[in-house]
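Each chain, letter by letter, is given below.
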Amino acid sequence: MTTPARPPSLATARTVRWWRHFEVPTLVLAMLLYAAWAALVHGHAHVPGVLLFAMGGCLGQLHSSLQHEAIHALRNIPKPLRWALVWPPLNLWLPYPLYHRSHSSHHVNFHLTHPERDTESVYHSAAAWNCYGPLRRAIVAANQTLAFRVTVGPWLRLFKMAWSEAGRLAAGDFSHAAIWLVHAASVAPIVWYVTRVCGMGLGEYLLYFVYPSMMLGALRSFTEHRWGDAPHERVAIVESNAMFGLLYLYNNLHHVHHRSPTMPWYEIPGHFRRNRAAVLEANGNFYYRGYVEIARRYLWRPVFRPVHPQW
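Residues numbered from 1 in each chain as written. Predicted model: local features only at pLDDT ≥ 70, side-chain atom pairs only at ≥ 80, totals over all residues. Heavy atoms only, no water.

## Topic: the overall build of the protein chain
Heads up, the rule is: Helix and strand definitions follow DSSP, with helices as H or I runs of at least four residues and strands as E runs of at least two, each counted in order from the N terminus. Only C-alpha atoms enter the radius of gyration; for comparison, a globular chain is expected to reach 2.2 Å times N to the power 0.38, where N is the number of residues. When a residue's accessible area, from a 1.4 Å probe over protein chains only, is under 20% of the maximum for its type it is buried; when over 50% it is exposed; and in between it is partly exposed. Surface accessibility follows the Shrake-Rupley procedure with a 1.4 Å probe radius. Residue values consider only the protein chains on display as shielding. For the purpose of counting charges, residues Lys and Arg are taken to be positive, whereas Asp and Glu are taken to be negative. His and the chain ends are not included. Charge coordinates come from a single atom per side chain, which is NZ of Lys, CZ of Arg, CG of Asp or CD of Glu.
When helices and strands are tallied, the protein chain shows 16 helices and two strands. Relative to the compact-globule value of 19 Å for 311 residues, the protein chain shows a C-alpha radius of gyration of 21 Å, a close match. Summarising its shape, the C-alpha atoms of the protein chain cover approximately 80 × 55 × 40 Å along the three principal directions. The buried share among the 311 residues of the protein chain stands at 47%. For the protein chain, the computed accessible surface area is about 16400 Å², with 65% contributed by carbon and sulfur atoms. Of note, the protein chain has its 28 positive side-chain charges centred 3 Å away from the centre of its 15 negative side-chain charges.

So this is what it looks like as structure tokens:
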């Protein structure tokens, strides 16, 4: 005769509710990340260059993933604390308020892949394409290959942002000025710690931390979206290993994120496993087995034509 399982005690239930309510795994991960970053920068001279490049890039990308998480999740933590948790600009170049604003616009699912309305689209309208010269067309076309997107793409992203912000100033629009001033003030202690406390050159930090972080970000976003008639057919699933899952906080299972953007990162893989068939049916089987498969297909071959087929 089997003994019926005991229901959880009231104290256990309260602990679980507290743990889930404040999304404790995300808070713990953030603290571990900052500690690991500080330790790696401090001990950089004792780490071989290739390993420093890999570890620095992973920590930078993980911080970007945490910033993304703070845009969508952690809803039970007051906004000032949520922003403070991910505010330190370890990657130096992108102010968090601008990222928050841009990425929030991206989540209007009906506009996904739209060349003007989707802030993260890599498509170009036919009208814009017809105005491009041969050099720009060649660069845009090359940027549809994984090799180019990962190596040169970060520089193009920086150039695009700088060009946009310079154009804003030239037009007399100073609405971002305060954001950039606060960002500069936030970057200053990061640079001070890196250069003065840890004795690492700024150029070294850019090479070993910022650039590989942007490369990993370019890898994740390379095949996240493509045109499809239904909005959710435009969002991919990349079923990668646990290392990339943690690095991207399971944003590689991107369709799940777009369907349930406030779902905490650590619940996404379980949700996908339980609902795998339904998820893949909903996104039209826009699926990759991993980033090795993506590299095998698109390292040197365009992932799609850069001119949008509809808009």
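## Remarks on the environment of R289
To keep it simple, the criterion reads: Note on contacts: a residue pair qualifies if any of its non-hydrogen atoms lie within 4.5 Å across the two residues.
With respect to the helices and strands, R289 occurs in the loop between β2 (287-288) and α16 (291-298). R289 has contacts with E239 and S240, leaving out every residue within four places of it along the chain.

## Details of helix α3 (residues 49-72)
Which entries qualify depends on this criterion: Expected span of a helix, by definition, is 1.5 Å for each gap between consecutive residues, and there is one gap fewer than residues.
For α3, built from 24 residues, the straight-helix expectation of 34 Å at 1.5 Å per residue is met to within 8% by its first-to-last C-alpha distance of 35 Å. L74 lies just past α3 and shows a positive phi near 55°.

## Some points on the packing of aromatic side chains
For clarity, the threshold we go by: The aromatic pairing rule takes the rings of Phe, Tyr and Trp, using the six-membered ring of Trp, and pairs them if the centres are within 6.5 Å, calling planes under 30 degrees apart stacked, those over 60 edge-to-face and the rest tilted.
A full pass over the atoms with the stated rule returns 20 aromatic pairs. When the centroid spacing of 5.6 Å and the interplanar angle of 35° are considered together, the rings of W37 and Y193 count as tilted. Separated by 156 residues along the polypeptide, W37 in helix α2 (residues 24-42) and Y193 in helix α10 (residues 177-197) bring together distant segments of the chain. Judged by its relative accessible area of 7%, W37 falls in the buried class. Relative to Y96, the ring of W87 lies with its centre 6.5 Å away and its plane at 70°, an arrangement referred to as edge-to-face. Here Y96 falls in the buried class, since its relative accessible area comes to 3%.

## Here we look at the nonpolar core
Across soluble globular proteins, nonpolar side chains have a tendency to be buried as a group. Filter applied, for reference: Among buried residues, the Ala, Val, Leu, Ile, Met, Phe, Trp, Tyr and Cys ones that are joined through side-chain atoms within 4.5 Å form a nonpolar core.
W37, V41, Y205, F209 and I237 are the most contacted members of the largest nonpolar core, which totals 47 residues. Elements represented by at least two residues in this core include exactly α2, α3, α4 (79-86), α5 (96-106), α10, α11 (202-221), α14 (268-274) and α15 (276-282). Of the residues forming this core, the biggest block, seven residues, is contributed by α2. Leave out the neighbours within four places in its chain, and W37 touches L59, L90, I190, Y193, V194, Y205 and F209. By size, the runner-up hydrophobic cluster in this structure holds 21 residues, among which are Y248, Y291, I294 and Y298.

## A look at the environment of C198
Turning to its location among the elements, C198 is positioned in the loop between α10 and α11. Classification of C198 as buried rests on a relative accessible area of 10%. For C198 and A45, which are 153 residues apart along the polypeptide, the C-alpha to C-alpha distance reads 9.2 Å. Once residues lying within four places of it in the same chain are set aside, the contact partners of C198 are V41, H42, H44 and Y193.

## Some details on unusual backbone geometry
For E23, which is not a glycine, the phi torsion comes out positive at approximately 50°. Along the chain, E23 turns up in the loop between α1 (10-21) and α2. Positive phi values are uncommon outside glycine, yet L249 reaches one of about 50°. Following the sequence through the fold, L249 ends up in the loop between α12 (242-247) and α13 (254-259).

## Observations concerning the packing of α2 against α3
Heads up, the condition is: To obtain each axis, a line is fitted to C-alpha atoms, and for helices this fit is confined to the stretch in contact; angles are then taken between N-to-C directions over 0 to 180 degrees. Note that the term roughly parallel is reserved for angles under 35 degrees, roughly antiparallel for angles over 145, roughly perpendicular for angles of 65 to 115, and oblique for everything else. Two helices that cross are described as forming a left-handed crossing if the nearer one is turned anticlockwise from the farther one by less than a right angle, and a right-handed crossing if clockwise.
Relative orientation of the contacting elements α2 and α3 amounts to 150°, with a least axis distance of 10 Å. Overall, the two elements α2 and α3 adopt an arrangement that is roughly antiparallel. Our pair here, α2 against α3, has a crossing hand that is left-handed. Residues T26, L29, A30, L33, Y34, A36, W37 and L40 of α2 form the contact with α3, whose participating residues are L52, M55, G56, L59, L62, H63, L66 and E69.

## Let's talk about the side chain of H258
The line we're drawing: In the analysis that follows, any N or O atom pair within 3.5 Å is treated as a polar contact, provided that within protein one partner can donate a hydrogen and the other can accept it, and provided that, for residues neighboring in sequence, both atoms belong to side chains.
In this fold, H258 is placed in helix α13. Owing to a relative accessible area of 3%, H258 belongs among the buried residues under this scheme. Within polar-contact distance, the side chain of H258 engages the side chain of N109 at 2.8 Å. The residues contacting H258, other than those within four sequence positions of it, are H106, H107, N109, L112, H225, H232 and V235.

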